[in-house]
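Residue-level structural notes
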Amino acid sequence: MNPKVRSIVKFLNANWHRQIRMAEITALVGLARSRVDDLFKAEFGRSPLQYLRELRLEKARVLLETTTLRIKQVRLAVGYQGHRHFFQDWFRYRARVYDTHGASVGRWAWDVFFVALQ
């Protein structure tokens, strides 16, 4: 793995819970945004911010399935300030994950969110 990409991954894994701007990532490795995107996509098939989004959503999934935290608490814990973006990203992410496993997204969403709303 490219050492600059490794630095970005390490940084994202250590700081996923807070707001991160692309400028911060580019400053970390001293490269232009387009170069960072190209290097990262070559390794992972997605941009650093897409990687970060999926990392946060996976953390949210674990929290929703293993804790009694309410959705708002989970959203804030994984770095989403606004509920609208969280829900948009959440359902896109879960649809993609469940589509590859052949499960019903609607059923999963109902099960998880019904429990979280209790």
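Here is a short report on the structure shown in this document. It should be emphasised that the depicted structure is a prediction, and the values quoted were computed from it without experimental measurement.

What follows deals with the overall build of the protein. Per the secondary structure count, the protein includes 7 helices and 0 strands. For the protein, the sequential pattern of α-helices and β-strands runs α-α-α-α-α-α-α. Classification of the 118 residues of the protein by burial places 36% in the buried group. Contacts in the protein between residues far apart in sequence, at least 24 positions, make up 52% of those at least 6 positions apart.

Quick look at the side chain of R56 now. Along the chain, the position of R56 falls in helix α4 (residues 48-66). D89 is the oppositely charged side chain nearest to the buried, salt-bridge-free R56, at an N-O distance of 7.4 Å. Every residue in contact with R56, bar those within four places of it in the chain, is listed here: W16, R18, Q19, I20, V78, G79 and Y80.

Before going further, it helps to spend a moment on the nonpolar core. Grouped together as the largest cluster of nonpolar side chains are 26 residues, with contacts concentrated most on I8, L12, I25, F40 and F86. When contributions to this core are tallied by element, the ones reaching two or more residues are α1 (3-15), α2 (22-29), α3 (33-44), α4, α5 (71-77) and α6 (83-101). Residue contributions to this core peak at 6 residues, all from α4. Those residues in contact with F86 that lie beyond four places of it in its chain are L57, A60, I71, R75, V78 and Y80.

Applying the stated criterion across every chain, the model contains 6 aromatic pairs. On the numbers, 5.5 Å between centres and 75° between planes, the contact of F40 with Y51 is edge-to-face. With F40 in helix α3 and Y51 in helix α4, this residue pair connects regions lying 11 residues apart in the sequence. The residues F40 and Y51 share a single accessibility class, namely buried. Measuring from centroid to centroid gives 5.3 Å for Y80 and F86, while their planes differ by 70°, and the two rings are edge-to-face.

The subject of this paragraph is the packing of α1 against α2. Direction vectors running N to C along α1 and α2 enclose 135°, while the axes themselves pass 10 Å from each other. As summarised for this structure, α1 and α2 are arranged oblique, according to the angle between their axes. The two elements α1 and α2 meet at a crossing, and its hand is right-handed. Here K4, S7, I8, F11 and L12 of α1 lie close against α2, whose contacting residues are E24, I25, L28 and V29.

The subject of this paragraph is the environment of V62. Take V62: it is sitting in helix α4. Under the relative-accessibility criterion, V62 is labelled partly exposed at 36%. Sequence separation between V62 and V74 is 12 residues; the distance between their C-alpha atoms is 9.7 Å.

Each value, and the rule that gives it
Residues numbered from 1 in each chain as written. Predicted model: local features only at pLDDT ≥ 70, side-chain atom pairs only at ≥ 80, totals over all residues. Heavy atoms only, no water. Helix = DSSP H or I, 4+ residues; strand = E, 2+ residues; numbered from the N terminus. Buried < 20%, exposed > 50% of the residue type's maximum accessible area, 1.4 Å probe, protein only. Contact = heavy atoms within 4.5 Å. Lys, Arg positive; Asp, Glu negative; His and termini not counted. Salt bridge = Lys/Arg side-chain N within 4 Å of Asp/Glu carboxyl O. Core = buried A, V, L, I, M, F, W, Y, C linked by side-chain atoms within 4.5 Å. Phe/Tyr/Trp six-rings, centres within 6.5 Å; stacked < 30°, edge-to-face > 60°. Axes fitted to C-alpha atoms, helices over the stretch in contact; angles between N-to-C directions. Parallel < 35°, antiparallel > 145°, perpendicular 65-115°, else oblique. Left-handed = near helix turned anticlockwise from the far one by under 90°.

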